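Structural characterization, general
Spelled out, the chains give:
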Amino acid sequence: MATLEQCRGALEKLAENLAGANGDLRSAAALDRSVSCWITDLDTTFVGRLVDSRIEDVTAEPGPPAERAQIRLSMTGDDLVALVDGELHFARAWGSGRIKLEAGLRDLIRLRKLL
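Just so we're clear, the structure is a prediction, and the values are computed from it rather than from any experiment. (Residues numbered from 1 in each chain as written. Predicted model: local features only at pLDDT ≥ 70, side-chain atom pairs only at ≥ 80, totals over all residues. Heavy atoms only, no water.)

**Describing the overall build of the protein**
The helix and strand inventory of the protein stands at 5 helices and 5 strands. For the protein, the α and β elements follow one another from N to C terminus as α-α-β-β-β-β-α-α-β-α. Buried positions account for 36% of the 115 residues belonging to the protein. Taking all contacts inside the protein whose residues are at least 6 apart in sequence as the whole, residues at least 24 apart take part in 58%. (Helix = DSSP H or I, 4+ residues; strand = E, 2+ residues; numbered from the N terminus. Buried < 20%, exposed > 50% of the residue type's maximum accessible area, 1.4 Å probe, protein only. Contact = heavy atoms within 4.5 Å.)

**What to know about the pairing of strand β3 (residues 54–62)**
Across 7 bridges, the pairing between strand β2 (residues 44–51) and β3 is antiparallel. Its bridge partner being in β3, Thr45 is matched across the sheet by Glu61. Hairpin connection from β2 to β3: 2 residues lie between these consecutive antiparallel strands, with Asp52 at a positive phi of about 45 degrees. (Pairing = 2+ DSSP bridges.)

**Focus: the side chain of Ser74**
Relative to the elements of secondary structure, Ser74 occurs in strand β4 (residues 71–75). The exposure class of Ser74 is buried, given its relative accessible area of 16%.

**So, the sheet that holds strand β5 (residues 100–103)**
Hydrogen bonding along the main chain pairs the strands of a sheet, whether they run parallel or antiparallel. Within the open sheet, the 5 strands sit side by side as β3-β2-β1-β4-β5. Their pairing is mixed. Looking at which strands have only one partner, the edges of the open sheet turn out to be β3 and β5. Within this sheet the neighbouring strands show an average axis-to-axis angle of 15 degrees, counted without direction. Pairing between strand β1 (residues 32–39) and β2: 8 bridges, direction antiparallel. Its bridge partner being in β2, Ser34 is matched across the sheet by Arg49. (Axes fitted to C-alpha atoms, helices over the stretch in contact; angles between N-to-C directions.)

**Remarks on the environment of Pro65**
By the element assignment, Pro65 lies in the loop between β3 and β4. You can call Pro65 partly exposed: its relative accessible area is 32%. Residues in contact with Pro65, not counting those within four places in the same chain, are Ser36, Trp38 and Thr45.

**Let's talk about the packing of aromatic side chains**
Considering all chains together, one arrives at 1 aromatic pair under this definition. Relative to Trp94, the ring of Phe90 lies with its centre 5.8 Å away and its plane at 40 degrees, an arrangement referred to as tilted. Placement of the pair is Phe90 and Trp94 together in helix α4 (residues 90–96), with a separation of 4 residues, close to one helical turn. Judged by its relative accessible area of 39%, Trp94 is partly exposed. (Phe/Tyr/Trp six-rings, centres within 6.5 Å; stacked < 30°, edge-to-face > 60°.)

**Structural notes on the pattern of salt bridges**
All told, the structure shown has 7 salt bridges when counted by the stated rule. Its salt-bridge partner being Glu102, residue Arg72 comes within 3.7 Å of it at the nearest N-O pair. Pair noted here: Arg72 is in strand β4 and Glu102 is in strand β5, with a separation of 30 residues, a long-range link. You can call Arg72 buried: its relative accessible area is 13%. (Salt bridge = Lys/Arg side-chain N within 4 Å of Asp/Glu carboxyl O.)

Structure below.
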């Protein structure tokens with residue numbers, strides 16, 4: 001089982017990847033939205049803000065998300081680490097229910113380029 005620090009590191013790596021994206025990927029991530037990622041097996045939620053292809057102000061809170069973010073992810077810590085490391089394919093994991101993503105329709109359409 002992934003630790004809280006491993007999950008934090010995976011989110012930092014994801015933030016770096018988004019910040020370094022070019023072209024269509026950069027434009028897809030160029031949103032200004034609140035984001036949350038609930039790590040179900042650790043019962044911890046990371047919350048932050050996606051701004052101009054960067055994830056900023058990330059904090060960890062105990063339990064499920066206290067507030068409804070505009071982009072919401074839910075998964076186990078192991079799945080987060082595997083996803084960021086490229087060992088887990090997002091679309092397959094989302095389709096099978098291992099990863100849950102909730103967002104508005106316009107955001108989903110833009111985010112599909114990233115996923």
